[in-house]
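Structural overview for review
The chain contents come next:
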Amino acid sequence: MRKQMKYKIGLLVLALGMTALAGCGSTDLKKADSRVVIEAADSYLAPACINGKYGYIDANGETAIQFKYADAQVFSENDRLASVKFGDRYGYLNAAGEKVIDYSYDYAGVFHNGYAAVCKEGMYGVIDTDGNEVVACTYDTVGNVAVNGLAVVGSGDKYGYVDMNGTVVVDLIYEDAAEFTDNGLALVKKDGKYGFIDSTGAVVIPIEYEYAESFKNGYAVAVKDKKNGFLDTKGEAIPFDYETAFGFAENGLAAVQIGDKWGYINTAGETVIEPVYATAYSFSDADIAMVTEDGKYGYIDESGSYVVKPELAFAQSFAGGYGAVQDGESGLWGFVDPSGKQLIKPVFKAVNGFADDGLCIVQLEDGKCGFLATDGKLKVEAKYTALGNFVKVK
């Protein structure tokens, strides 16, 4: 069964692979579809690694912060601070490369909503952007601070929630617990069952499901009597009729398995694309979904019509308007557009999906990484062993 909730913060590795961090960034690159948003290259920074040392580059590929760190994480978009490891300890830099929070932690996470999880002497807590320890480092695990100002904490095998005064607001009584979503509900597990609570700890959706996932686009996947279905925020269900299901996409469609075939339903529970696929995945960018037939990958649109017939050795879901596809003979990767037309020939060892600004991290056959634009040209030279997201910091 799919496992969603895992909250102990771990070391961020900025190595490129099939699950690499998304990358973006360029300068003077403009497209008619307005996806490209980077205009001032030195306003964007991304972590990178070269010769075993981490630093930061701008969207021209110029060094912005010296390569002297043992580890580096992405800048937080709102707080504009980044966690780095100097020697054997973590602290935080600002966009000028100045140390603003001392190197005093075993580990330091990315800031979310003004707070970051940190580890000291093997125990986890939370600090604010001034470095104040608002939640003492007394927990075995800690999660990101949600928009409502609460964070999951764990001691031993029990989980609950604290506020940013360090006060426990939901007792540590759960076997597992997820971050609160924007609708004010959090997924919890107790006595082997899943349900949802609000920020007071009140149970809003009964803890009675064999499995569930956090809410996304208004609905949560859940399992009852070994069948998959969907819950809304009131706990009302789209019937539990499916062998497997993926969450609803932004276009209001969800991939579901009926018998041994996959199709798509809408939020009324109506079948809108018949179950004819061996596997089907969630609709993503450009309202294109990836499907499989006879072990081959292809893409369909919202009508169920093939954009790319299932003839590909392997593929990734559309991202940033394009789909990454793998050549069956060489094993190298390229890209297609929403019409199925080849955009970039398969010449890369590994790729990550295009970001909204029109670039992605790619890895060449020699293992070096850079940033690729949709014209097929490298906008940042492929000379790094690891890369992370560009974030606007000015």
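Okay, so let's go over this structure. What you are looking at is a predicted structure, and each value in this text was computed from that prediction instead of being measured.

**Overview of the overall build of the protein chain**
- The helix and strand tally for the protein chain stands at zero helices and 41 strands.
- Taking 394 residues into account, the globule formula puts the C-alpha radius of gyration at 21 Å, and the protein chain, at 22 Å, falls close to it.
- With the C-alpha coordinates of the protein chain rotated into their principal frame, the extents come out at 55 × 55 × 35 Å.
- Looking at the protein chain alone, contacts between residues at least 24 apart form 35% of all its contacts between residues at least 6 apart.
- A total of about 17,300 Å² of accessible surface is found on the protein chain, and carbon and sulfur atoms cover 45% of it.
- Distance between charge centroids for the protein chain: 5 Å, based on 35 positive and 55 negative side chains.

**A few points about the pattern of salt bridges**
- Under the counting rule described, the total for this entry stands at six salt bridges.
- Where Glu 133 meets Lys 120, a salt bridge forms, and the shortest distance between an N and an O atom there is 3.7 Å. A residue pair is termed long-range when its members are at least 10 positions apart, and Glu 133 in strand β11 (residues 133-139) and Lys 120 in strand β9 (residues 115-120) qualify at 13 residues.
- You can call Glu 133 partly exposed: its relative accessible area is 37%.
- Given a relative accessible area of 31%, Lys 120 falls into the partly exposed group.

**Digging into the nonpolar core**
- Among the nonpolar cores identified, the biggest contains 25 residues, and Tyr 92, Phe 111, Val 118, Val 126, Ile 127, Val 135 and Met 164 are the most heavily contacted of them.
- When residues of this core are traced back to their parent elements, those giving at least two are β6 (89-93), β7 (99-105), β8 (107-108), β9, β10 (123-128), β11, β12 (141-145) and β13 (151-155).
- Counting 16 residues, the second largest nonpolar core, distinct from the first, contains Ile 57, Leu 359, Ala 373 and Val 380.

**Here's the deal with the sheet that holds strand β34 (residues 333-336)**
- If you trace the four strands from one edge of the open sheet to the other, you get β32-β33-β34-β35, paired in antiparallel fashion. Pairing within the sheet leaves two strands with one partner each, and these edge strands are β32 (314-315) and β35 (342-348).
- Sheet topology note: the β34/β35 ladder contains three bridges and is antiparallel. Across the sheet, the residue bridging to Val 336 is Gln 342, located in β35.

**With respect to the pairing of strand β26 (residues 261-265)**
- By the criterion of burial, β26 is predominantly enclosed, with four of the five residues buried.
- In this antiparallel pair of consecutive strands, strand β25 (residues 254-258) and β26, the connection spans two residues, and Gly 259 shows a positive phi of 65°.
- Taken together, the three bridges between β26 and strand β27 (residues 271-277) define a ladder with antiparallel strand orientation. Residue pairing across strands places Ile 265 opposite Thr 271, the latter belonging to β27.

**Let's talk about the sheet that holds strand β20 (residues 211-212)**
- The four strands are arranged β20-β21-β22-β23 in an open sheet whose pairing can be described as antiparallel. The strands lining the two open edges of the sheet, one partner per strand, are β20 and β23 (237-242).
- In terms of strand pairing, strand β21 (residues 220-224) meets strand β22 (residues 227-231) through five bridges, oriented antiparallel. The residue bridging Val 221 from the neighbouring strand is Phe 230, located in β22.

**Considering the state of the cysteines**
- In this structure the tally under the stated criterion is zero disulfides.
- The closest cysteine sulfur to the non-disulfide-bonded Cys 49 is located on Cys 369, 9.8 Å from its own sulfur.

**Section: the packing of aromatic side chains**
- Under the definition given, this model contains 22 aromatic pairs.
- Relative to Trp 262, the ring of Phe 246 lies with its centre 5.2 Å away and its plane at 20°, an arrangement referred to as stacked. Of this pair, Phe 246 sits in the loop between β24 (244-245) and β25 while Trp 262 sits in strand β26; the two residues are 16 residues apart in sequence, bridging distant segments of the chain.
- Looking at Phe 246, the relative accessible area reads 22%, which means it is partly exposed.
- Assessed through its relative accessible area of 6%, Trp 262 is described here as buried.
- Between the aromatic rings of Phe 246 and Tyr 281, the centroid separation amounts to 6.2 Å while the plane-to-plane angle is 10°, which identifies the pairing as stacked. On the criterion of sequence distance, the pair formed by Phe 246 in the loop between β24 and β25 and Tyr 281 in the loop between β28 (279-280) and β29 (289-293) is long-range, its members being 35 residues apart.

About the thresholds
- Residues numbered from 1 in each chain as written.
- Predicted model: local features only at pLDDT ≥ 70, side-chain atom pairs only at ≥ 80, totals over all residues.
- Heavy atoms only, no water.
- Helix = DSSP H or I, 4+ residues; strand = E, 2+ residues; numbered from the N terminus.
- Rg over C-alpha atoms; globule rule 2.2 N^0.38 Å.
- Contact = heavy atoms within 4.5 Å.
- Areas by Shrake-Rupley, 256 points an atom, 1.4 Å probe, with all protein chains shown as cover.
- Lys, Arg positive; Asp, Glu negative; His and termini not counted.
- Charge placed at Lys NZ, Arg CZ, Asp CG, Glu CD.
- Salt bridge = Lys/Arg side-chain N within 4 Å of Asp/Glu carboxyl O.
- Buried < 20%, exposed > 50% of the residue type's maximum accessible area, 1.4 Å probe, protein only.
- Core = buried A, V, L, I, M, F, W, Y, C linked by side-chain atoms within 4.5 Å.
- Pairing = 2+ DSSP bridges.
- Disulfide = S-S within 2.5 Å.
- Phe/Tyr/Trp six-rings, centres within 6.5 Å; stacked < 30°, edge-to-face > 60°.

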